[in-house]
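Coordinates in review
Here's the letter readout for the chains.
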Amino acid sequence: MGTALVVTSGKGGVGKTTSSANLGTALALQNKRVCLMDLDIGLRNLDVVLGLENRIIYDIVDVAQGRAKLHQALVKDKRFEDNLYLLPAAQNTDKDALLPDEVKAIVAELKEEFDFVILDCPAGIEQGFQNAIAGADGAIVISTPEISAVRDADRVVGLLEQQDMKYEPRLIINRIRQHMMNQGDVMDIDEITKHLSIKLLGIVLDDDGVIKSSNHGDPIVLDPKNPASQGYRNIARRLLGETVPLMSIKEEKVGFWQRLFGHKK
Amino acid sequence: MKDVVLKGHQDGYLLTLKATGSFERILTELTDLFAQLNHDQQVAKKDLVQFKIDTENRLLTAQQRQQVLHLIEQYPAFRVSELKSNVILKTEAQREKEQDSVHINRATIRSGQEVTVEGDVLFVGQIHHGGILKATGHIFLLGDVAGIVQAGFPDNEEAVIVGDLSTAFQVRIADQVAIMADDQHAFTARSVAYINDLHLLDYGTLADLKTIRPKLYNKMGEA
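Everything numeric in this text was worked out from a predicted model, so none of it was measured. (Residues numbered from 1 in each chain as written. Chains lettered and ligands numbered in written order. Predicted model: local features only at pLDDT ≥ 70, side-chain atom pairs only at ≥ 80, totals over all residues. Heavy atoms only, no water.)

What follows covers the pairing of strand β5 (residues 102-105) of chain B. Residues and elements named next belong to chain B. Burial of the side chains of β5 is restricted to one face: His103 and Asn105 are buried, whereas none of Val102 and Ile104 on the reverse face is. Bridge count for β5 against strand β8 (residues 120-123) is 4 bridges, and the pairing is parallel. Within β8, the residue paired with His103 across the bridge is Val121. (Buried < 20%, exposed > 50% of the residue type's maximum accessible area, 1.4 Å probe, protein only. Helix = DSSP H or I, 4+ residues; strand = E, 2+ residues; numbered from the N terminus. Pairing = 2+ DSSP bridges.)

Dropping the structure here:
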């Protein structure tokens, strides 16, 4: 019996879809069977980030309304053998076409077969959000160090706490720009965690590589050297119960002599 | 002048119901006629007799049709093999026209949009990633295709897709789906996608069309 986790944030553009794709991939790399579920009906993106857009034949609404069987709608990611699957969102149906009970039933069916079911929640706190949290055993709240994202995350945590899930919501602070945080231009990690008063699951540094690889349909996690990738890999290991220390956000200081004689990067 | 005329032909009997007469009179005449015929039939002891009925420039309503058929069905010795007319409803005519003509479509089908065409389509627009073009008949592509093209929707296996499909996400004909990323076929603007004898999606060129779809080939010759 697997665990269903919803990835949510309230605010748009903080990296829900990117985080879902990368966490799913990182868990699949750890040899877990993972199913990613896109619940952003009408504006689906998860398929694009994973590079599976061209393989979609049926979607979640087809499954909910009985036009397709669940296994017919699942899109397999061939890069990870039998470990990673996607259940795509519908593109051209009404966003109210899905009901929380239908999502619950689908998630329950998926949990039988997969170790993790990751639900990619749409922005906002309307029907789509309600659908996404209905089937989840726990929530991962994504926020950036921006005050507006933290505010929305706070609102979402409040809503999640009313849901009475099996696991408490946990926080990922995404898109951290080291120099801004070190200079005190944005809230730092401790501040945000204390403010939201939920457990910190991990941090992910802002990196151009994330956008670059998404554009090619490759999750950044596949590049082991990338700093954002390491963030997601650490989070995946923590989800599996390992104790992994938080990565440092200190920038490497380059000394005077090193700058003079050191190799150019 | 009578409103119901019975004539013998090589291939059976033809019953003409004159469009100039009223339907009530036709019914009475038919009743009398068949009573007489039934009488003659029993005397002559012939086999089952089949009739074709022609209503000329009159279109029978469903109820009138039932009345005529019911009247004749009373007699086990007679049967109506065909009921024809010179006229059809405008809506019916329009539907037939839709089905037969090649529509020219120059839409831009964006992500999440779906355009469905009755009959054949000559597509000169653009299909963006995530857009779907569906046709019940054939699809001829001149425009840019990045999304999904589906011919013969939902179950017409005779349908073909002509054009360069190399940039498309998926090609679907009837209920067959091909993901182009997996199909390393060298496409040109003269490529044809079709369903082969094994009910699988296959590709050829326009030059093969005569053997792949002789009907379509001949139809093109007529036009």
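In this section: the pattern of salt bridges. Should their charged atoms come close, side chains of opposite charge can pair. If you walk through the whole model with that rule in mind, you get 18 salt bridges over all chains. In this structure, Arg33(A) and Glu113(A) form a salt bridge, with 4.0 Å as the shortest nitrogen-oxygen distance. With a gap of 80 residues between them, Arg33(A) in the loop between α1 (16-29) and β2 (34-38) and Glu113(A) in helix α5 (residues 100-113) connect regions that are remote in the sequence. Since its relative accessible area comes to 47%, Glu113(A) is described here as partly exposed. The partner of Lys219(B) in a salt bridge is Asp120(B), and the shortest N-O contact between them spans 3.7 Å. Separated by 99 residues along the polypeptide, Lys219(B) in helix α5 (residues 214-222) and Asp120(B) in strand β8 bring together distant segments of the chain. (Salt bridge = Lys/Arg side-chain N within 4 Å of Asp/Glu carboxyl O.)

Residue and element names in this part refer to chain A. Cross-referencing UniProt, the feature "binding site: ATP" (unreviewed entry) maps to Lys11, Gly12, Gly13, Val14, Gly15, Lys16, Thr17 and Thr18 in the present numbering. With respect to the helices, strands and loops of the structure, Lys16 is situated in helix α1. Beyond its immediate sequence surroundings of up to four residues, Lys16 is in contact with Val7, Thr8, Ser9, Lys11, Asp120, Cys121, Pro122, Ala123 and Ile142. Of note is the side chain of Lys16, whose polar atom sits 3.1 Å from the side chain of Ser9. Along the chain, Thr17 falls in helix α1. Setting aside its immediate chain neighbours within four residues, Thr17 contacts Asn45, Leu46, Val49 and Asp120. (UniProt positions renumbered as here; feature names shortened; annotations may be inferred. Contact = heavy atoms within 4.5 Å. Polar contact = N/O pair within 3.5 Å; in protein donor to acceptor, adjacent residues only side chain to side chain.)

What follows deals with the nonpolar core. Residue and element names in this part refer to chain A. Val6, Met37, Ile60, Leu87, Leu110 and Leu119 are the most contacted members of the largest nonpolar core, which totals 52 residues. The biggest single contributor to this core is helix α7 (residues 147-161), with 6 residues. Setting aside anything within four residues of it in sequence, one finds Leu110 in contact with Cys35, Met37, Leu70, Leu74, Leu87 and Val117. One finds Leu46, Val49, Ala228 and Ala236 within the second-largest nonpolar core, a separate group that totals 35 residues. (Core = buried A, V, L, I, M, F, W, Y, C linked by side-chain atoms within 4.5 Å.)

Attention shifts here to the packing of aromatic side chains. On inspection of all chains with the given rule, the structure shows 8 aromatic pairs over all chains. For the pair Phe34(B) and Phe51(B), a centre-to-centre distance of 5.3 Å together with 70° between the ring planes defines the contact as edge-to-face. In this pair, Phe34(B) is assigned in helix α1 (residues 23-44) and Phe51(B) in strand β3 (residues 49-54), connecting sequence segments 17 residues apart. When the ring of Tyr75(B) is compared with that of Phe78(B), the centres are 5.9 Å apart and the planes differ by 65°; the resulting orientation is edge-to-face. Just as Tyr75(B) is buried, Phe78(B) falls in that class too. Members of the aromatic cluster, joined through ring pairs, are Tyr13(B), Phe34(B), Phe51(B), Tyr75(B) and Phe78(B). In this structure, Arg33(A) packs its charged tip against the face of Phe114(A), placed 4.8 Å from the ring centre. (Phe/Tyr/Trp six-rings, centres within 6.5 Å; stacked < 30°, edge-to-face > 60°. Lys NZ or Arg CZ within 6 Å of the ring centre and 35° of its normal.)

All names here are of chain A. Counted residue by residue, helix α6 (residues 127-134) has 6 buried out of 8 residues, so it is predominantly covered. When we look at burial in α6, the residues that qualify are Gly128, Phe129, Asn131, Ala132, Ile133 and Ala134. If you follow the buried residues of α6, they end up packed against β1 (3-8), α5, β5 (116-120) and α7.

Residue and element names in this part refer to chain B. The strand order across the open sheet built from 3 strands is β6-β9-β12, with neighbouring strands paired in parallel fashion. Among the strands making up the open sheet, the edge pair consists of β6 (108-109) and β12 (144-145). With 2 bridges joining them, β6 and strand β9 (residues 126-127) adopt parallel strand pairing. Within β9, the residue paired with Thr108 across the bridge is Gln126.

Right, let's get into the UniProt feature "domain: Septum formation inhibitor MinC C-terminal" (unreviewed entry) in chain B. The positions that UniProt labels "domain: Septum formation inhibitor MinC C-terminal" (unreviewed entry) are, in the present scheme, residues 106-195 of chain B. With 0% helix and 44% strand, residues 106-195 of chain B has its two end C-alpha atoms placed 26 Å apart.

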